[in-house]
Amino acid sequence: MREIFLFVMYIILFLSSMALLRHGLFKLTGENISRKLEKLTSTPLKSFMTGMVFTALLQSSSAIMVMTVGLVSVGAITFQRSIGIILGSNIGTTVTAEFMTFSFEPIIGPALIIGFICMLFRHTVVKHTGMAIFGLFMIFFCIGRFTALSGPLMQIDAAAGIFRQADHHLFWAVVLGAAIAATIHSGTATIAIAMGFIAGGQLAPDTGIAIMLGSNIGTCVTGYIASLGAGQAAKWTAYAHIWLNVLGVVVFYPFIHTLQHTAALFTDDPAKQLAHASVIFNLACSLLVLPFTGHFSRFITTIHRSKSKKI
């Protein structure tokens, strides 16, 4: 029970660190991000680049999705333009996973101290820089704890059974990834947990990739919740996010082993292979759909018909 309690606490700490990092970066990059999103979406390519850059800056595709749904809801941007933002955000969110592949173990302690001291300053830039530093290195600390806990957790019959089932049946690994991401509202945290278990030797790289694919579906929950009670165009935006990720997973599911072998070309480290596989998957899915945003928007409006005629 102690291991389960610690595991849950580290998940909470990871999510809190993500929120702190996101808040610090948000304040440093400017609070009028919604206005910038509105201005930089005149073409599908601009929408795509905007979604990618701002998601990378904020370290949260969910935050960008909530903003996008809100902008579509008030008519600031059209539903069709929102698709480019979604495609870009799916790539931008992989930046965090790539950050997590670096080993900063020797400097985590000093960096946390420096970040904490900076947070005590009243100067805006110093304070928010401290938040970003503290949040980022606390994320690295949590990943190390996930790795350390992977062995003890696998001694618990229930946990061992879940991961053994996922290891033997990749479909259940996809379901597991979707369930975890939907529950904790973070695909990044789900990938971090999988990376920790892979680094601890408790999870195969292929299984980790299947969990990553599922997390892309589970993370759609936040955008869908944001669309509830909003207008039809906002709902279409949430549906587009769901369809894009579900179709991407369906297409790539038969090629999980190929995806793993491709990621292995860049590194021999199984945990790093998961982060690289996430980049390859999201990059391929987004670039494949980008030239057909108009067709895709019509597909969504046809499938999810309503009395509304405006996109």
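For the structure itself, look to the data block above.
On a predicted model such as this, the values are computed, not experimentally measured, just so you know.

**Q** If you had to explain helix H10 (residues 170–184) to someone new, which residues and values would you point to?
**A** The end-to-end C-alpha distance of H10 is 21 Å, a good match for the 21 Å that 15 residues give at a rise of 1.5 Å each. Taken together, the buried positions of H10 are Leu-170, Ala-173, Val-174, Leu-176, Gly-177, Ala-178, Ala-181 and Ile-184. Following H10 by one or two positions, His-185 adopts a phi angle in the positive range, close to 55°.

**Q** Outline the environment of Leu-247, listing residues and values.
**A** Following the sequence through the fold, Leu-247 ends up in helix H14 (residues 232–252). Leu-247 gets classed as partly exposed once you look at its relative accessible area, which sits at 38%. Distance in space between the C-alpha atoms of Leu-247 and Cys-285 is 8.9 Å, their sequence separation being 38 residues.

**Q** If you had to explain a nonpolar patch on the surface to someone new, which residues and values would you point to?
**A** A surface patch of nonpolar side chains, amounting to about 440 Å² of accessible area, comprises Ile-4, Phe-5, Val-8, Met-9 and Ile-12. Mapped onto the elements, Ile-12 comes out in helix H1 (residues 2–29).

**Q** How would you explain the layout of surface pockets if you had to name every residue and give the values?
**A** Approximately 350 Å³ is the volume found for the largest pocket. Around the largest pocket, the lining is made up of 26 residues, and of these Ser-62, Ser-186, Gly-187, Thr-188 and Thr-219 lie nearest the centre. Contributions of two or more residues to the lining of the largest pocket are made by H1, helix H4 (61–73), helix H6 (94–99), helix H11 (187–199), helix H12 (205–218), H14 and helix H16 (270–289). Residue composition of the lining of the largest pocket, by class: 7 nonpolar, 18 polar and 1 charged.

**Q** Describe empty space enclosed by the protein, with residues and values.
**A** By rolling a water-sized probe across the atoms, one finds the places where empty space is left. For the structure on display, the rule yields 2 cavities of 30 Å³ or more. Computed from the structure, the largest cavity encloses a volume of approximately 60 Å³. Leu-87, Asn-90, Leu-244, Asn-245, Phe-281, Asn-282, Cys-285, Ser-286 and Val-289 together form the lining of the largest cavity. Going through the elements one at a time, helix H5 (79–92), H14 and H16 are the ones with two or more residues in the lining of the largest cavity. Ranked by the residues each element gives to the lining of the largest cavity, the list is headed by H16, at 5 residues. A per-class count over the lining of the largest cavity returns 5 nonpolar, 4 polar and no charged. Considered as a void within the structure, the second largest cavity measures approximately 40 Å³ in volume. Phe-163, Ile-180, Thr-190, Ile-193, Ala-194, Phe-197, Leu-203 and Ile-211 together form the lining of the second largest cavity.

**Q** Give me the nonpolar core: which residues, what numbers.
**A** Ranked by internal contacts, the top residues of the largest apolar core, which has 49 residues, are Phe-14, Met-100, Phe-146 and Met-212. Per-element accounting of this core gives the leading share, 8 residues, to H11. Once you skip the residues sitting within four places of it in the chain, Phe-14 turns out to touch Met-100, Ile-139, Cys-142, Ile-143, Phe-146, Thr-188, Ala-189 and Ala-192. Met-65, Leu-87, Ala-233 and Trp-236 belong to the second largest nonpolar core, which has 26 residues in total.

**Q** How would you summarise helix H7 (residues 108–119) if you had to cite specific residues and measurements?
**A** Between the first and last C-alpha of H7 there are 16 Å, a value that for 12 residues agrees with the 16 Å anticipated at 1.5 Å per step. Taken residue by residue, H7 has Ile-108, Ala-111, Leu-112, Gly-115 and Cys-118 as its buried positions. Relative to the axis of H7, the buried residues are bounded by an arc of 130° and lie together on one face. Residues of H7 that are buried make contact with helix H8 (124–153).

**Q** Lay out the environment of Ala-284 in plain terms, naming residues and giving numbers.
**A** Note that Ala-284 resides in helix H16. Note: C-alpha distance between Ala-284 and Val-69 (215 residues apart in sequence) is 24 Å.

Cut-offs applied
- Residues numbered from 1 in each chain as written.
- Predicted model: local features only at pLDDT ≥ 70, side-chain atom pairs only at ≥ 80, totals over all residues.
- Heavy atoms only, no water.
- Helix = DSSP H or I, 4+ residues; strand = E, 2+ residues; numbered from the N terminus.
- Expected span 1.5 Å × (residues − 1).
- Buried < 20%, exposed > 50% of the residue type's maximum accessible area, 1.4 Å probe, protein only.
- Patch = residues over 30% accessible without salt bridge, like charges linked within 9 Å, V, L, I, M, F, W, Y side chains within 5 Å.
- Areas by Shrake-Rupley, 256 points an atom, 1.4 Å probe, with all protein chains shown as cover.
- Salt bridge = Lys/Arg side-chain N within 4 Å of Asp/Glu carboxyl O.
- 1 Å grid on protein atoms, 1.4 Å probe; cavity = no way out; pocket = protein on both sides within 12 Å on 5 of 7 lines; lining within 4 Å.
- Points joined across faces, edges and corners; volume = space filled by probe spheres on them.
- Nonpolar A, V, L, I, M, F, W, Y, C, P; charged D, E, K, R; others polar.
- Core = buried A, V, L, I, M, F, W, Y, C linked by side-chain atoms within 4.5 Å.
- Contact = heavy atoms within 4.5 Å.
- Arc of directions from axis to C-beta.

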